[in-house]
Amino acid sequence: MMLQQVKAVKQATQTRLQAVSSRKVTEEKKLGVLIDETIMELTRMITEDGKRLVEELRCDFDDRTLKLDTKLKELDINENYLINVVEFVEQLIREGNAAKMLSAKQGMALQMEELQTMMIYDEPVEDDKIEFKKSEDFFTDKSLGKFMCSNAANYKLHNIPTFARVNTVVRLPLQKGEQFQGTSQGVTNDDIIAVIKTPDDKIDYAKVTEGSDDTFSISYSCKVPGCHELSVWVGDKPAEGSPYAIKVVPKKGLVKNVGHDQRLGRDNIAGVALIRKRHLILCDLGNSMFHMYDLITGGEIKDMQPTISGHPCTPICVAVSARGYIFFTEYNTKLVFVCNENGKLIRCFGQGTIGEPRGIAISPINGSVYVADVLAHCIRKYREDGTYLKSFGSEGDKDGQFIHPLKVCVAKSGNIIVSELTTNRIQVFDHRETFLYKFETKDNAGFVNTDKNDNIFVGSHENGQIRKFDSLGTFMCRIDSDGDGLKEIGGGCVTDDEPCQVIVSDNDNGYIRVYSL
């Protein structure tokens, strides 16, 4: 009997050992597949980031090369004039009667008895004027005179704007530098060249108008948005600070419509976000997919349709993390999903903590993910990895309470702004989720977002109007106009540039509107 029991234990042990070995082989295969997939994903991400970094480096290299070429031209001119200065000084030393030579130089004093106590600084001062200075045995600091070097630019362009608008004439005064005030330069229109280089490297000429007292006006009007370069030359010398970078932005109001081929459908777009500053991510609720468009050209880039167990996800609202990952709330599973730019799902979270997720936002301060839970009348807070942290708010109309919170955004300061489904109330909380203040709009908000200065933009779902409020909730202006035909705003976002652009979905007409401030 004992022998049989031992044999049975041995047999059971061998069977278990075989099962363990088989499971080990299976798990090793799964691990190998997972490692291969991870390596492929990392390789793809590194390749994409590498292409982006190479393009950024190429643009930076081109920009630096242009600036260096300009600087080298200036240095070549400066070198010639410095050689002339050296020759003049050598001749001054050789001549017995230095007063006659000094009197011929503008700004040179006539106190020849102090010439022997003067010295020239080895290093040019910032404005590249070589000044005669008293040597150390003098207690006072008196300037005898100056030699004017060529790169001490005779003229300077003033009132250069932060940005200019398309097809708007900009006029800039061109005036003599401070060291040349009160002198006659004998410059005419023919001596001045003002050239505009467009973003696509085309060349255009600005208009030069002569004024009084050797002053001029440079006027130009750019036809396309983007970074332009204005170069001004007076004779053979560039104006001080030339070339100048001029940012050209669209005119105020409606700039363009994106996706106006009706592919987006009606009542479909509830979420809009920007990725890499120029690519629009649109949540197409009706077609269960993402659309990606180029904000600059308005052209479609691609469609993405993440799947769960073979079934397409239905994205509602979307936010993009600092690392470029796409976070979205999903209609069917009532969860939050994370995918990459190609639509490949990475993880999901919210099981057991979310009832009906809608708006989603990511804090630029600490990366916390905030999700509006419509049915639970609160805001859920998670880490980026999906770890649940806390909730704040409860059902009610008091400060800090919610009635079906719908959309949420986080300002650059970390303030959290929440709109509601059935009211026109907007509430603002600090980064600790402490209530700060509230204000009202004309009806419920289809989107709420902020610019880099914490100004708050609210898009009306019912009447299709976009309103701008300051960081304290005071109404500032309306962005759209009645003639735009904007209706039923479903989602939107705001760019970080200056001036910013406001992008909203027009769910009644089935496309995206882009407005410039």
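Scroll up for the structure.
So, how was this worked out
Residues numbered from 1 in each chain as written. Predicted model: local features only at pLDDT ≥ 70, side-chain atom pairs only at ≥ 80, totals over all residues. Heavy atoms only, no water. Helix = DSSP H or I, 4+ residues; strand = E, 2+ residues; numbered from the N terminus. Buried < 20%, exposed > 50% of the residue type's maximum accessible area, 1.4 Å probe, protein only. Contact = heavy atoms within 4.5 Å. Areas by Shrake-Rupley, 256 points an atom, 1.4 Å probe, with all protein chains shown as cover. Pairing = 2+ DSSP bridges. Axes fitted to C-alpha atoms, helices over the stretch in contact; angles between N-to-C directions. Core = buried A, V, L, I, M, F, W, Y, C linked by side-chain atoms within 4.5 Å. Salt bridge = Lys/Arg side-chain N within 4 Å of Asp/Glu carboxyl O. Phe/Tyr/Trp six-rings, centres within 6.5 Å; stacked < 30°, edge-to-face > 60°. Lys NZ or Arg CZ within 6 Å of the ring centre and 35° of its normal. Polar contact = N/O pair within 3.5 Å; in protein donor to acceptor, adjacent residues only side chain to side chain.

Engineer: Could you clarify how one ought to interpret the overall build of the chain in this entry?
Structural biologist: When you go through the chain residue by residue, the secondary structure sums to two helices and 39 strands. The buried share of the chain, taken over its 517 residues, is 45%. Taking the contacts inside the chain whose residues are at least 6 apart along the sequence as the reference set, 47% of them involve residues at least 24 apart. For the chain, the exposed surface amounts to about 27700 Å²; the carbon and sulfur share of it is 52%.

Engineer: What should I look at first to understand the sheet that holds strand S25 (residues 357-362) in this one?
Structural biologist: Strand pairing in a sheet relies on backbone hydrogen bonds, with the paired strands running either antiparallel or parallel. One open sheet holds the four strands; their spatial order is S25-S26-S27-S28, and the pairing between them is antiparallel. The strands lining the two open edges of the sheet, one partner per strand, are S25 and strand S28 (388-392). Adjacent strand axes in the sheet meet at a mean angle of 20 degrees, parallel and antiparallel pairs treated alike. Strand direction decides the pairing type here: strand S26 (residues 369-373) and strand S27 (residues 378-382), joined by five bridges, are antiparallel. Bridge assignment links Val371 to a residue of S27, and that residue is Arg380.

Engineer: Got a minute to help me understand the pairing of strand S35 (residues 466-469) in this structure?
Structural biologist: Within a regular strand, the side chains alternate between the two sheet faces. Neither face of S35 is exposed, since Ile466 and Lys468 on one face and Arg467 and Phe469 on the opposite face are all buried. Between the end of strand S34 (residues 456-460) and the start of S35, which pair antiparallel, lie five residues, with Gly464 showing a positive phi angle near 65 degrees. Examined bridge by bridge, S35 and strand S36 (residues 475-478) share three bridges and lie antiparallel to one another. For Lys468, the partnering residue across the bridge sits in S36 and is Cys477. The antiparallel hairpin formed by S35 and S36 contains five residues in its connecting segment, where Gly473 sits at a positive phi of about 90 degrees.

Engineer: Is there a simple way to explain unusual backbone geometry in this structure?
Structural biologist: Following Ser242, the chain continues to Pro243 via a peptide bond in cis, the omega torsion being 5 degrees. Along the chain, Pro243 turns up in the loop between strand S12 (237-238) and strand S13 (244-249). In the Ramachandran plot, Ser288 falls in the positive-phi region, its phi being about 55 degrees despite a non-glycine side chain. Counting through the fold element by element, Ser288 comes out in the loop between strand S16 (279-284) and strand S17 (289-294). What makes Ser288 buried here is its relative accessible area of 15%.

Engineer: Honestly, the sheet that holds strand S9 (residues 207-210) in this entry has me stumped. Any pointers?
Structural biologist: On the basis of which strands lie adjacent, the open sheet formed by four strands has the order S4-S6-S10-S9 and antiparallel pairing. Taken across any chain shown, the strands that pair with only one partner, and hence form the sheet edges, are strand S4 (155-157) and S9. Between one strand axis and the next, the sheet turns by 25 degrees as a mean value, whatever way the strands run. Of the strand pairs in this sheet, S9 and strand S10 (residues 216-220) are connected by four bridges, and their pairing is antiparallel. Bridge pairing in S10 links Glu210 to Phe216.

Engineer: Mind showing me how you'd approach the nonpolar core here?
Structural biologist: When a protein is soluble and globular, its nonpolar side chains tend to lie buried together. If you look at the biggest cluster of nonpolar residues, it comprises 24 residues, and the most contacted ones within it are Leu157, Leu174, Ile192, Ile218, Tyr220, Leu230 and Val232. Ignoring sequence-local partners within four residues, the contact set of Ile218 consists of Leu157, Val170, Arg171, Leu172, Leu174, Ile192, Ala194, Ala206, Lys207 and Val208. Among the nonpolar cores identified, the runner-up in size contains 15 residues, and Ala270, Ile316, Phe349 and Tyr382 belong to it.

Engineer: What is the right way to look at the pattern of salt bridges in this model?
Structural biologist: When the charged atoms of two side chains with opposite charge come close together, those side chains can pair. Counted by the stated rule, this structure contains 14 salt bridges. When the shortest N-O distance is used, the salt bridge between Asp294 and Arg278 registers 2.7 Å. Remark: Arg278 occurs in the loop between strand S15 (269-275) and S16 and Asp294 occurs in strand S17; sequence separation between them is 16 residues. Accessibility expressed as a relative area gives 34% for Arg278, which makes it partly exposed. Residue Asp399 is joined to Lys438 by a salt bridge in which the shortest nitrogen-to-oxygen separation is 3.1 Å. Of the two residues, Asp399 is situated in the loop between S28 and strand S29 (405-410) and Lys438 in strand S32 (residues 435-440); the sequence distance between them amounts to 39 residues. Here Asp399 falls in the partly exposed class, since its relative accessible area comes to 43%. A cluster of three or more residues bridged by salt bridges with shared partners is formed by Lys334, Glu356 and Arg358.

Engineer: Help me out: how do you make sense of the pairing of strand S24 (residues 345-349) in this one?
Structural biologist: Sheet topology note: the strand S23 (residues 336-339)/S24 ladder contains four bridges and is antiparallel. In the sheet register, Val336 faces S24, and the bridge partner there is Phe349. Counting the residues between successive antiparallel strands, the hairpin from S23 to S24 contains five residues, one of them, Gly343, with a positive phi of roughly 85 degrees.

Engineer: It is not clear to me how the environment of Phe402 should be interpreted in this structure. Could you clarify?
Structural biologist: Inspection of the secondary structure puts Phe402 in the loop between S28 and S29. In this structure Phe402 comes out as buried when scored by relative accessible area, which is 0%. For the pair Phe402 and Gln427, spaced 25 residues apart in sequence, the C-alpha separation works out to 8.9 Å.

Engineer: Sorry, what's going on with the packing of aromatic side chains here?
Structural biologist: Each aromatic ring pair is summarised here by two numbers: the centre-to-centre distance and the angle between the ring planes. Throughout the structure, instances matching the rule amount to 14 aromatic pairs. Among the aromatic side chains, those forming a connected cluster through ring pairs are Tyr370, Phe392, Phe402, Phe429 and Phe435. The ring of Tyr331 carries Lys334 above its face, with NZ or CZ at 4.6 Å from the centroid.

Engineer: Sorry if this is basic, but what is going on with the side chain of Ser505 here?
Structural biologist: For Ser505, the location among the structural elements is in strand S38 (residues 501-506). A polar contact of 3.2 Å, which involves the side chain of Ser505, links it to the backbone oxygen of Ile269. Discounting chain neighbours no more than four positions away, the residues touching Ser505 are Ile269, Val272, Glu488, Ile489, Gly490, Gly491, Tyr511 and Ile512.

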